[in-house]
Each structure stands twice: as structure tokens, then as C-alpha cells.
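The chain contents come next:
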Amino acid sequence: MNTGLKITAFAAAIAATFGTAYGVGTSIDPVVAKKPPTAHDEHAEAGEGVGGKTAGGHESAPAGGLQISEGGYTLALDTPRVAAGTASVLSFSVKDESGRKVTAYQREHGKELHFIVASRDLTVYRHLHPTRAADGTWSVRAELPAAGGYRAFADFKPAKKGATGVTLGADLAVSGKAEPAALPPARATAEVDGYRVTLDGALAPGKANELKLTVSKDGKPVTNLQPYLGAYGHLVALRAGDLAYLHVHPNGEPGDGVTEPGPEVSFTATAPSSGAYRLFLDFQHKGEVRTAAFTVDVPAGGADANTGAKPSAEPGETEKADGHGH
């Protein structure tokens, strides 16, 4: 299957200092794609930030999640601190320019709002699904495994006419003994719950390239992936350092007569800049959502710059993904 997929985008470059500690999991960097040909392209408008040039002279892509307030909306965390390793209720709201909680949203991929939590060291990643109370307060139960600095992202589109997508980000502290983790090395494969996902393709600054992610289990290709939030795969990218955010969706959709349910999920993406990124692929099989995570190294300037992942995994060079949090 060669499903052309597109990325919704955000790109910017604020150098953020790492928090005191981090956890076990996954996190990533912004990737940006060319204008997608399907309904998924609304995300390309979300969280547009300041554009610029990369080190190689390419135009950078817009990035999201770098600001707590944007476009007249503010992300307000009611629980800015939780304890590590303890199930906690995360509560927050989105407020408009007048300070009122927003209660009307457009549904995107089956949800009014997508909520992502990632550790600053890019090792813990949670794609959560909060519920909204009538007054506009969102809440979700989650357990974050390690102490340190985290970033919470709210990805949504207001219901008002002509509104575009918005991605806001706010800092979240997880108390406990913090032990910062190193960014996992770039590898071509990741394993999660007995599934192996192989990444094939390259990312380069300012240049659209195809990324193919192939899912297998017990050495056999998985050809019956199940729709999850209206797609066979969802990709989020976070840039190391500032955690600039990109939520990517495939252009192909289940039931469109073209897109096959695996084993391959394809995205066309452009890196907004050189640097290290973490990519998180959510996929569903046999009724359960799993997340495969990859580190991608994007060299400066080269049109043929590759991801830094080996084209095929050597024995023992498969990353173990942890904690999708669904």
C-alpha cells in the first residue's frame, strides 16, 4: 500500500531548557508536510507560529504548542503538578479572550480535543482522551511514571465560523526524585507489546519526504489494522529541546476504496529544521491502541539527509516503546 499521507504542521525554534527530570516513555519533534489533499489538512493550519529559515536556507515550517496563549485562546491547567507513579486526574480548560471557558468545539477525528502529555526528555508520551464537563472543564485520569518536567498540549478547533486549528502548550511538573534520561538513539525499528514497527524514509529540513511505517507481529505483516480516530495511523512529532509539536494524520481514510488496513502506513513530511526529533505512531489492532516511538536525527541542509535510523535493524537494535497511555 502506498497511502500518501500528509502532515499537519507546526514549526518554530525557541530553545527551551530541559526540566530537572524526565520519565519513561516517548516524545517527539515537529515535522511538517506539504498541503494535504484531504480533510486532514485542517491540522496544517493549527498552531501556526513564526516562520523562518533553517540552517540550510530552507523555509522552516510552522510549529505548534510553543505558546500557552495563541489566537485569543489560553490553556489553563488546574493541576499543574502531580506525583510520579500515581494515578492522578489532570484537569484543565481552554479560555477565550474574555476569560470564559470554551464549551463549543468542532469534532476532529472523532474528538473535540486531543490532549498530549510528554516529558521534556522525550521519553514519556501519553495521547489521552479527556472528557468535558458542561462548564468547559476537561479532565482525564493518567499515571506519569517518572518525575521531572513535562509539556501538556491541547490540539483543537473552536466551533466558531471560520476558526482554524489551534495547538496550545503548558508546562506540567511531576514531583518525585528526578533522574533525567538520555534521548534514545536513532533506530529503524521499535517494538511494543510483541509488535514490530519499521521506519523507512528520510526527513530533511524544508524538503518533503515520505515516511513509511510497517507493522508486523511474529514475523508476519499485520494486514488488518483497525480504524482509530478515523485513520489507520496517527503520528505526532516533538522536537528535542523546545518540544515544538506536530500532529500528523494520513490523507487516506478507512473505507475510501484506496487505503488498505496495513501493514504499511505512509506520511509525507518535512522537518522544520535540523535537529533531533521523536516520532510517535499510534495504531490499533485487535481492539487495543499501541504506540511505537522512534528518534530521528535530521542533519542540516542536505536534500538527501536521512533520519539517522539504520535502513534495517541489527539484532538488539530495536527500541522498546513504553506507555501509550490510551
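Residues numbered from 1 in each chain as written. Predicted model: local features only at pLDDT ≥ 70, side-chain atom pairs only at ≥ 80, totals over all residues. Heavy atoms only, no water.

Caption draft 1: Here's a closer look at the pairing of strand β9 (residues 137-142). Bridge analysis of strand β5 (residues 88-95) against β9 gives six bridges, and the strand direction is antiparallel. Within β9, the position partnered with S93 by the bridge is T137. Bridge count for strand β8 (residues 131-132) against β9 is two bridges, and the pairing is antiparallel. Each bridged residue has a counterpart across the sheet, and for T131 the counterpart in β9 is S139. The loop that links β8 with its antiparallel partner β9 comprises four residues; one of these, G136, has a positive phi angle of about 95 degrees. (Pairing = 2+ DSSP bridges. Helix = DSSP H or I, 4+ residues; strand = E, 2+ residues; numbered from the N terminus.)

Caption draft 2: Here's a closer look at the environment of F283. For F283, the location among the structural elements is in strand β19 (residues 275-285). Note: C-alpha distance between F283 and Y232 (51 residues apart in sequence) is 6.2 Å. Not counting chain neighbours up to four residues away, the residues in contact with F283 comprise V192, Y195, V197, V215, L225, Y232, E288, V289, R290 and A292. (Contact = heavy atoms within 4.5 Å.)

Caption draft 3: Fine view of the sheet that holds β9. One open sheet holds the five strands; their spatial order is β2-β3-β5-β9-β8, and the pairing between them is antiparallel. Each end of this open sheet is capped by a strand with a single partner; those strands are β2 (69-70) and β8.

Caption draft 4: Representation of unusual backbone geometry within the structure. Of note, the bond from G262 into P263 is cis; its omega dihedral lies within 30 degrees of zero at 0 degrees. One can find P263 in the loop between β17 (245-249) and β18 (264-269). Backbone geometry at L122 places phi at a positive 65 degrees, although glycine is not the residue there. One non-glycine residue, D218, lies in the positive phi region at around 55 degrees. Looking at the element boundaries, D218 is found in the loop between β14 (209-217) and β15 (220-221). Since its relative accessible area comes to 66%, D218 is described here as exposed. (Buried < 20%, exposed > 50% of the residue type's maximum accessible area, 1.4 Å probe, protein only.)

Caption draft 5: Representation of the sheet that holds strand β10 (residues 148-156) within the structure. Within the open sheet, the five strands sit side by side as β4-β11-β10-β6-β7. Their pairing is mixed. Since the sheet does not close on itself, it has two edges, and those belong to β4 (81-83) and β7 (125-128), each with one partner. The sheet shows a mean angle of 25 degrees between the axes of neighbouring strands, direction not considered. As defined by bridge partners, β4 adjoins strand β11 (residues 166-175) across three bridges and the pair is classed as parallel. Counted as the bridge partner of V82 is V174 from β11. (Axes fitted to C-alpha atoms, helices over the stretch in contact; angles between N-to-C directions.)

Caption draft 6: Local environment of the pairing of β10. The buried fraction of β10 amounts to nine of the nine residues, a majority that puts the element mostly inside the structure. Across seven bridges, strand β6 (residues 113-119) lies against β10 in antiparallel orientation. Note on β10: the bridge partner recorded for I116 is F153. By the bridge criterion, nine bridges tie β10 to β11 in an arrangement that is antiparallel. The partner of F156 across the bridge, within β11, is V166.

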